Each structure stands twice: as C-alpha cells, then as structure tokens.
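Each chain, letter by letter, is given below.
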Protein chains: 2
Amino acid sequence: MNKLSDINKDFAQWYQDILAQAELVDQSPVKGCFVLRPYSYAIWENIQKVLDKKIKETGTQNAYFPLFIPESFLKKEAKHVEGFSPELAVVTHAGGKELEEPLVVRPTSETIIYYMFSKWIKSWRDLPLKINQWANVVRWEMRTRAFLRTTEFLWQEGHTAHATHQEAVEFSMRMLNVYKEFAENYLAIPAIAGIKSDNERFAGAERTLTIEGLMQDGKALQLCTSHVLAHSFSKSFDIEFQDKDGNLSSPYCTSWGATTRLIGALIMTHGDQNGLIIPPKIASIQVIIVPIYKEEKDKNLVLNKAEEIKNLLLNNGVLAQVDSDDQLTPGAKFFKWELRGVPVRLELGPKDIENSQVVLVNRAESDKTKKKQFVSIENVDKQVNILLENIQKTLFEKAKKRLHDNWHHAQSLQEITQKLEEHNGLYQTGWCGSSECEAKLKDYKASIRCLLESKEHKTCFSCGELATKDVLIAKAY
Amino acid sequence: MNKLSDINKDFAQWYQDILAQAELVDQSPVKGCFVLRPYSYAIWENIQKVLDKKIKETGTQNAYFPLFIPESFLKKEAKHVEGFSPELAVVTHAGGKELEEPLVVRPTSETIIYYMFSKWIKSWRDLPLKINQWANVVRWEMRTRAFLRTTEFLWQEGHTAHATHQEAVEFSMRMLNVYKEFAENYLAIPAIAGIKSDNERFAGAERTLTIEGLMQDGKALQLCTSHVLAHSFSKSFDIEFQDKDGNLSSPYCTSWGATTRLIGALIMTHGDQNGLIIPPKIASIQVIIVPIYKEEKDKNLVLNKAEEIKNLLLNNGVLAQVDSDDQLTPGAKFFKWELRGVPVRLELGPKDIENSQVVLVNRAESDKTKKKQFVSIENVDKQVNILLENIQKTLFEKAKKRLHDNWHHAQSLQEITQKLEEHNGLYQTGWCGSSECEAKLKDYKASIRCLLESKEHKTCFSCGELATKDVLIAKAY
C-alpha cells in the first residue's frame, strides 16, 4: 500500500492521496467529473438524511425540476446570465436533430423554478412557497479538484417566495443558521457566518450570506451560502400575487444550497497523516470490528463473538461492521480503516474473550498512551457510545482551537500580505467598502471571505480611509 | 374545482386530469420534461426509501457516476448504441467553446459504469461487485406522457459483475424478485414476471426479465426490468479478472432499474372517478384529519383535539396530518383529499368529541354504507392501523381480481386482434419464437409483453407451427 504525502509539507498532494487511497473518488473519462465511490457516497447519504430532515422542519417541501433550461431563460435576469454564461454546458442536438433553441444543463435552477413559481403563485394564500430539490448541477470549471470544484456536483437547492422583504431576509438567515448548526454539530466544522461583499455575491442576489470554514492549511473554504434574491427573479419571471388588499405585488425570494463540497471540507478539517477522520455523527461506519486470531481453531470463536458484538451495537443504534476479510492481516486492516477514518476500532482476540474484554481504539487521539482502552464486553455498547460522543466533541474542539489560533488581526494590505506569505490564516481588518480596495487582494490570491458583525478596526486596510465594516481576509479554495 | 373525465369512457384524459388536479406534475418549458410537484415527489421519496433498503440488503452499494458520457463510449457496444442513438441529447458546447468530443447526457449508464469497473476489477476477490445509483437520465422521446414516458426521468440503476454466468443469471432473477415483491407488497400492483422476446430486449443484453402490470384500461405497463448483460459490456470495456487459477476471465454482468414510471402505474392501477387512491404503505399522508365546526366557539376545541389525535397517530408510526385551512369548507377538503387519494379521512366535530368518537372514512371503499365507521377516540390508533392494513390488502386483491378477469387465452392472431378490438386485456397464446410472427402484432398496436413459464398452447398464434413458448400479448404503454 502507498503512504500519504506529508500533510504539513504538501497538503494539496496529501488531499489527492487520500481521495485515491481511501477510495473516495475516481477520475472519470469526462474532464472535471468525478465518480463518487461507495465510501464517499455513503457520507453524502448521511449528510442528505440529516439536512433533509432539517430542511423539512422549516416547512419546505421537496420537488424535482428539469435538468434542462431553455437558453433564453438564463438571459432573463441580466446579472445571473453574466455570472453563469462562461460556465454553461449546452445541449444543441437531441433525438438526432439540431434543437431550435439550445438547452442549458442547469448550473443552478433559479430560472426554471421561478418560472414555475409564476404559475403557482396567484394570491397571498399561496405564500410563503418553500421548495427544495436534491439534484445534480453542471458548471464548466477550468481547474477542478474533487469535491471542492467539479464540473458536475450534487447538491440541494432551496427556493422560497415570501410576501415581504423582511420575511425573505429572515428566512435566508434561518437557513444559514440551519447550515451553521449542521456544519458544527454534525461535521464538527466551526463555521464563520457573515455577508459576502458585493463582488462575491451570487449572480442575481441582493445579498449573499455565507458560512466559511478554515482548513488545516490555513485556507478558507466557503461551506454553504444563502441568498436574499428579493425581487430580481420574481420581476424577471413575472411572479405576482394579489395581496390581502387586492393589490398585485411581487414576492421576495430566497435561495440556498449545500453541496458535496462538504465532504471535501470534512477531509481537510479533520484528516491527519494516517488518513481521514470522520466525525461519528456523519460516519457510515462508526465502529469497525477487527477479529484477531493466529490459529485456525480460534477463528470461529472470535468471528462469532465479533458478530455478536456487532449485533449488540447495531441494536443500540451504532453503525458497526466486522472486517472478516480472510485476505488481510489484522495490521493491514488497522491501516485500511485508519486511512478511511472510521472513528472507533474494536479489536478482539481469543485472550480478550477469555478475559471478557475488548480493545477500543480512538481514531482521533494521536497520543499513543491514550489511544487504546480495554473495556469489558458487558459494557461495550455504553463505552462505545461514550467514546463516539467524545470523539465528536474532540474533533470540534480541536478545529475550533485551530480557528482561534489562526484568526489574526491586521491593519494594512502590506501587513496582511506579508503575514500571508509566512503562513495562511484568517485576517480580520477594516474595509471602506470600495471594490477598488477589495480588488487589490487579487494579486496575492486572497479575498474578502465575508463581512463581520464585530467592528474593531477603524481604517480601511487598503486606502486607509474610514472603515465601514470589519472583514475577514484569507486565501481560499 | 374541475371534475375528472369519465374513467371508463376516456381513461387517457382522466389520467391527464388527475395529474393536474391532484397537483402531481406540471408541464415545464422543455418539451417532454415534467416538474414533479411535492405531492408526487413525496411518493417517489417513499418508493426510494423502501427500494433503497431492499437493494442494500442484497449487498449492493450506492455510488454516483457522471451525467455526461463521451460519445465514443456509447459506440463501444454495437447493439447498445443502435438502440439508444435515436434518443440521445448531446452537449456540443461547454465553457463557451465547442467540445473536441461531444458528450452524451446519459440515457442509462452501462458504458460509463463498466468503464469504471474495468479499473476496479482485477481479481476474483473483487467479485461480485454490486453498485447502484439513484440518478436522472434523459431519452429524447417523441410522444411523452408524465411518469410513463418522459424526456428526463428519475430512476435507480444497478450494475453488477460476477465471476460466473450462473451467478449473474441468479442475481438478475433475484433483483426481478425484489421488484415484484415491492410492486405487490407496497404498490399493491400484481406483477407478472417473465422474459422479454429478443425484439423487446434491452440493447446490449443477453436476456431481459420484466415485470408487467395491468392498468385499468386493460393495457399492460412494463414496471421494472432486470437484464443479464453477460459478456457484452465486460468485453467492450475490457474488464478482466484473474480467477482462482490465475487465468484471465471476463466477468458476467447484470443491470436492473426502477423509475418514476411506478408512480404512473400506481395512479392507473388504483385510481377511480374521484381521483387517486394511494396504497397506505407508500402514501406520504396516510390519514388526513378534517376538523368540522360551524361556530367559532367550537373551533379551538376541535382543532386542539385534532392535533392531539394527530400526535397520537404520529407516535404510533401513522403519517397523519390535520387540514386546518381556514379558506376551505369541510366539503371542499373531502373533495381535495379524495382527489389526492389519502387512504383514510378522519372527521371530527364537537358532537364527536362529546361522544368520544371520530369518523373514519375509507378512500378505497365505494359502497357508501361501508365507507364510514365511527370509532371511539380511545381506540383510534388501533382502528386506524387495522383500516390501513385492510385498505392495502383490498387494493391488491381488487387489482389481482382484475388481472385474473382480464387474462384470456386465444389460439390465433385473428382471435386475439378481434378480441382486442372489443376490449383490451392480456392474451395468453402459443408462439413459435420467430420475429416474423411477433412483428404481425405491430399493425394492431399489440406486442408480446413477456414469455411465460407455463406452457398451455401447442401452436403459434401466427403461423400455426409448433409453439415453443407461451407468451402474453397485450397493448401496452
């Protein structure tokens, strides 16, 4: 088996190595499109399960809209088409003929969904209308990296229409909060919530809210976004409703999405030199049971006990599996499941059975003296649950500490760029709000990740004029 | 509100009326692509939930493969490209440029999945490999009808590779059986299992197994198929494994799929003049609670009790909802939920509360004297469960009787076509096995739905020569 590249020296290669060696994705014959192999798809299924429930709790219903969008639809919202047209994949031929109007493969579905909304919304009674879809989307990207930026990706996109602007703003914030809580409580990724600068805003939105995460190499990653679209699409697609006074009004819309990128965030937040570490609450295998025996006579005894413990754990809601592969040594299995980031390894041999105990190994603990513990078979379900909770908490605390340690303050462009050259990280500073000042960051491959609530800096990092906002600057994926 | 067209006089229009009035689908701006609205998408989610579990129980893992397939891949399997090329949608431009090689939007994923299999399968230890994906596919259809035949549709497609031919054949049969049991036990649709004739076989398969359902207009509908692909794709895509003796062999493959068409089958099997009837085991709302009060003073009392009963039912695993819409009369609500086919309506008024009772109304019962029953509030959860089970059973029995009543025997083409002119239905007859005899059915818009296990007919319906098989002939969707 291969070894992963050094996580501290070449993070990018370490990431590529993990993708291949943990069998998360594979290159496909189509540029920038990746195959999600079963192990990563299972993580996506778990993300979907939790997020879908939380989305439905907001009164949002799932539906499905067509993959293809007439090219003319994209053009109805001027900023939207400007933002997306360089990335479109276009169907020009179908059924053996050239199409009269080319069809765009959805890069996002605002245009087709708000077109449908215009048919469904007639009265204030039809509002709020809250629809979500789980789907694939396509954006023709130049440089792709699995999970983070791919030509095709999987996501959910929510679209809502409200009677008032305030209601739309509030709902947009509510959804950002759903994402933030999900990122923190399930993925164990501390999320910084803020507003995007005009320049980084979604094409067609009045305001884009974001949550940003900090990866181990000190770069930021946009995790999820939530947009106040306000009137842009409702006006372009003639959505009108009769309000309670009988007047015609345009509803205020929002859209919000989470993608398979979250899997990339997971890898880059928690992984270590031995491979992935998957937070227990999102892991498809929480406990891998490795039976250990040298002599054939012990095989049945150990395997039977392993199955018994697996069933006990499954009955207690723990996702346990036995690795009974005859072709691998126990050592190779340890390596394999460490690489794949299964939070807990349970080792079991004839001696352990004799002593009514098993060994629990904590994937998230690097200190070798604390990594292993013996627990009695009698208490195994309880102890496993304690350990899983503990790992979930530890991963979050560790990431939170990293975020804290890498959150710096700086006064000037020079200071920021100098520090960024030494080490990546997040730089809080003041900003006057002008695009010119923001644009200066481009040369250093940095950007404003978001505007912050707190206001500690008085002058703009670039022009030195009065700052209107504090912003967070970083290099980002 | 509109009324549905007469189910006996114009079944096709009745179907269209239901689609619109029950808010199942809506036309999209793209020809042949339909929007699945929340009420039908919720049925699909339930189908997915059950089927996904059954698929995983066979040891199959979910994964995700790219939407786009290089055009050259389709051409690698001669029969496959012949079958699918008239239906392809093709991306020729992306990212503002013409592509060097056009990309086909997947009509099915054999070519890209078996290409990936060729990278993953090296040894007999890698077999069997069993992969499933839930995805959208596109087939450019001339005449479309929502759910039954649409340009884009949702499905699952399973793909497996096995060391031996026998294992592939057995697995293909196992999956057909998964579909048959699902159709019968969940959708309450009796399914006829059989083999497709060479002519109706999947493009690239050695054998296609099918389950067929009988719709209320006497037409057959192919519900699901399972294919023995054998060596076709494994040879075209150079999949080879080292067997236990160290020799290189090609694995034997299968593929199998179920689509959103099952929702159409559901509608056309169980619907009646008042609308849909959704089998309880697949319904997203099993019990709709309609609070009834005339005077404002009773409102709170009734609504509170309705909520209480809803929570009692939810806690007992029954999917219950209260329709507390102020804008509709109880009568309008009855109409609405009958149209949407919710299996049980629970009516509740102040008098009922006084008497500690509710009214349960059985959507599947047409006899007015048997449709309603009073049950005591104390027993409501138990009685609702009994009624739901009863409805599930009744729907299946009714459909089974219809299948039996419409299953005829016939000796000759003349007899079959004469009878088909009088009324649709299934016609069992003998067949010599020749394509010429099969082709004669085309003029009458009939086809061989499947070859049967039983052998009761001695001569071919067309040429009168010795029959090798009994077949089932019908008009079909």
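Nothing here was measured: the structure is a model prediction, and the numbers come from that model. (Residues numbered from 1 in each chain as written. Chains lettered and ligands numbered in written order. Predicted model: local features only at pLDDT ≥ 70, side-chain atom pairs only at ≥ 80, totals over all residues.)

(A) Looking closely at the overall build of chain A. Regarding its fold elements, chain A presents 15 helices and 23 strands. In terms of overall size, chain A behaves like a compact globule, its C-alpha atoms giving a radius of gyration of 25 Å where 477 residues would be expected to give roughly 23 Å. Over its C-alpha atoms, taken along the principal directions, chain A stretches across nearly 80 × 55 × 50 Å. Counting over 477 residues, chain A shows a buried share of 49%. Contacts spanning at least 24 positions in sequence make up 67% of the contacts within chain A whose residues lie at least 6 apart. (Helix = DSSP H or I, 4+ residues; strand = E, 2+ residues; numbered from the N terminus. Rg over C-alpha atoms; globule rule 2.2 N^0.38 Å. Buried ≥ 20, exposed ≤ 12 C-beta atoms within 10 Å, placed from the backbone. Contact = placed C-beta atoms within 7 Å.)

(B) Representation of the interface of chain A and chain B. Listed per partner, the contact involves 45 residues of chain A and 45 residues of chain B. Broken down by element, the side of chain A that touches chain B gets its largest block of residues, six residues, from strand β5 (residues 89-94) of chain A. Its residues assigned to classes, the side of chain A that touches chain B shows 29 nonpolar, nine polar and seven charged. In this sheet, strand β5 (residues 89-94) of chain B lies alongside β5 of chain A in antiparallel orientation, the contact comprising five bridges. (Nonpolar A, V, L, I, M, F, W, Y, C, P; charged D, E, K, R; others polar. Pairing = 2+ DSSP bridges.)

(C) Geometry of the domain arrangement of chain A. Looking at the assigned domains, one finds that chain A contains domain 1 (11-270), domain 2 (285-393) and domain 3 (409-475). When each unit is reduced to the centre of its C-alpha atoms, the spacing between domain 2 of chain A and domain 3 of chain A is 48 Å. (Domains from an automatic or database assignment.)

(D) Geometry of the packing of helix α9 (residues 296-315) of chain A against helix α13 (residues 380-405) of chain A. All names here are of chain A. α13 packs onto α9 with a crossing angle of 60° between their chain directions and a minimal axis gap of 10 Å. As far as their axial angle goes, α13 and α9 are oblique. Helix-helix and strand crossings are classified by hand; for α9 and α13 the assignment is right-handed. For the pair α9 and α13, the contacting residues are Ile309, Leu312 and Leu313 in the first and Val380, Asp381 and Val384 in the second. Here the contact of α9 with α13 is composed, by residue class, of five nonpolar, no polar and one charged. (Axes fitted to C-alpha atoms, helices over the stretch in contact; angles between N-to-C directions. Parallel < 35°, antiparallel > 145°, perpendicular 65-115°, else oblique. Left-handed = near helix turned anticlockwise from the far one by under 90°.)

(E) Geometry of the environment of Glu212 of chain B. Residue and element names in this part refer to chain B. Its location among the elements puts Glu212 in strand β10 (residues 207-214). Note on Glu212: 24 C-beta atoms within 10 Å, which makes it buried. For the pair Glu212 and Ala476, spaced 264 residues apart in the sequence, the C-alpha separation amounts to 9.5 Å.

(F) View of the pairing of strand β10 (residues 207-214) of chain A. Residue and element names in this part refer to chain A. Of all eight residues making up β10, seven are buried, and the element is well covered by its neighbours. Both strand β9 (residues 192-195) and β10 contribute to a ladder of four bridges, which runs antiparallel. Bridged to Gly194 within β10 is Thr210. As defined by bridge partners, β10 adjoins strand β11 (residues 220-230) across eight bridges and the pair is classed as antiparallel.

(G) Summary view of the sheet that holds strand β16 (residues 320-322) of chain B. All names here are of chain B. Ordered by their spatial adjacency, five strands build an open sheet running β16-β15-β17-β18-β19, and the pairing between neighbours is mixed. Two strands close off the open sheet at either side, each with one partner strand: β16 and β19 (372-376). For this sheet, the mean angle separating the axes of adjacent strands, direction not counted, is 25°. Bridge count between strand β15 (residues 287-291) and strand β17 (residues 344-348): five bridges; the pairing is parallel. Counted as the bridge partner of Val287 is Val344 from β17. On top of the sheet, helix α10 (residues 330-339) reaches β15 and β17; it is set at about 170° to β15, its chief contact.

(H) Representation of the sheet that holds strand β19 (residues 372-376) of chain A in the model. Residues and elements named next belong to chain A. One open sheet accounts for five strands, arranged β16-β15-β17-β18-β19; its pairing is mixed. The open sheet has two edge strands, β16 (320-322) and β19, and neither has a second partner. The sheet shows a mean angle of 25° between the axes of neighbouring strands, taken without regard to direction. Where strand β15 (residues 287-291) and β16 come together, three bridges link them in parallel fashion. In the strand pairing of β16, Ile289 is matched with Val322. Contacts from α13 reach β15, β17 (344-348), β18 (357-362) and β19 within the one sheet, and its direction differs from that of β18 by about 5°.

(I) Local environment of helix α2 (residues 38-56) of chain A. Helix length check: α2 of chain A, at 19 residues, gives a terminal C-alpha distance of 26 Å against a target of 27 Å (1.5 Å per residue), a fit within 8%. Every buried residue of α2 of chain A is listed here: Ser40, Tyr41, Ala42, Ile43, Trp44, Ile47, Leu51 and Ile55 of chain A. (Expected span 1.5 Å × (residues − 1).)

(J) Looking closely at the environment of Thr468 of chain B. All names here are of chain B. Within the element layout of this structure, Thr468 appears in the loop between β22 (446-451) and β23 (469-475). Distance from Thr468 to Gly433, taken between C-alpha atoms, is 6.6 Å for residues 35 residues apart in sequence. Dropping the residues within four chain positions of it, Thr468 is found in contact with Cys432 and Gly433.

(K) Geometry of the relation of the copies chain A and chain B. Of the two same-sequence chains, chain A is brought onto chain B (RMSD 0.0 Å, axial shift 0.0 Å) by a rotation of 180°. A rotation of that kind, with that shift, is consistent with a two-fold axis. Judged by C-alpha distance, Val91 of chain A is the residue of chain A that lies nearest the rotation axis, at 2.0 Å. An overlap of 100% is found between the interface residues of chain A and their copies at the interface of chain B, pointing to a shared contact surface. (Least-squares fit on C-alpha atoms with pLDDT ≥ 70 in both.)

(L) Examining the environment of Phe237 of chain B more closely. Among the structural elements, Phe237 of chain B can be located in the loop between α7 (232-236) and β12 (241-242). What Phe237 of chain B contacts, discounting residues up to four positions off in sequence, is Lys76, Tyr114, Tyr115 and Ser118 of chain B.

(M) Quick peek at unusual backbone geometry. Residues Leu127 of chain A and Pro128 of chain A are joined by a peptide bond in cis, for which omega reads -10°. Along the polypeptide, Pro128 of chain A turns up in the loop between α5 (110-120) and β7 (129-138). A positive phi angle, close to 55°, is found at Lys445 of chain A, a residue other than glycine. With respect to the helices and strands, Lys445 of chain A occurs in the loop between α15 (435-439) and β22 (446-451). The class for Lys445 of chain A is exposed, based on 11 C-beta atoms found within 10 Å. Within the chain, Glu23 of chain B stands out as a residue other than glycine whose phi angle is a positive 55°. Residue placement: Glu23 of chain B occurs in the loop between α1 (11-21) and β1 (25-27).

(N) The pairing of β7 of chain A, seen in detail. All names here are of chain A. One ladder, built from two bridges, connects strand β3 (residues 61-62) with β7; its direction is parallel. Bridge pairing in β7 places Gln61 opposite Ile131. As paired elements, β7 and strand β8 (residues 152-162) share ten bridges and run antiparallel to each other. Looking at the pairing, Ile131 lines up with His159 of β8.

(O) View of helix α13 (residues 380-405) of chain B. Here α13 of chain B is 26 residues long and its end C-alpha atoms lie 37 Å apart, about the 38 Å a rise of 1.5 Å per residue gives. Listing the buried residues of α13 of chain B in full gives Val380, Val384, Leu387, Leu388, Ile391, Gln392, Leu395, Phe396 and Ala399 of chain B.

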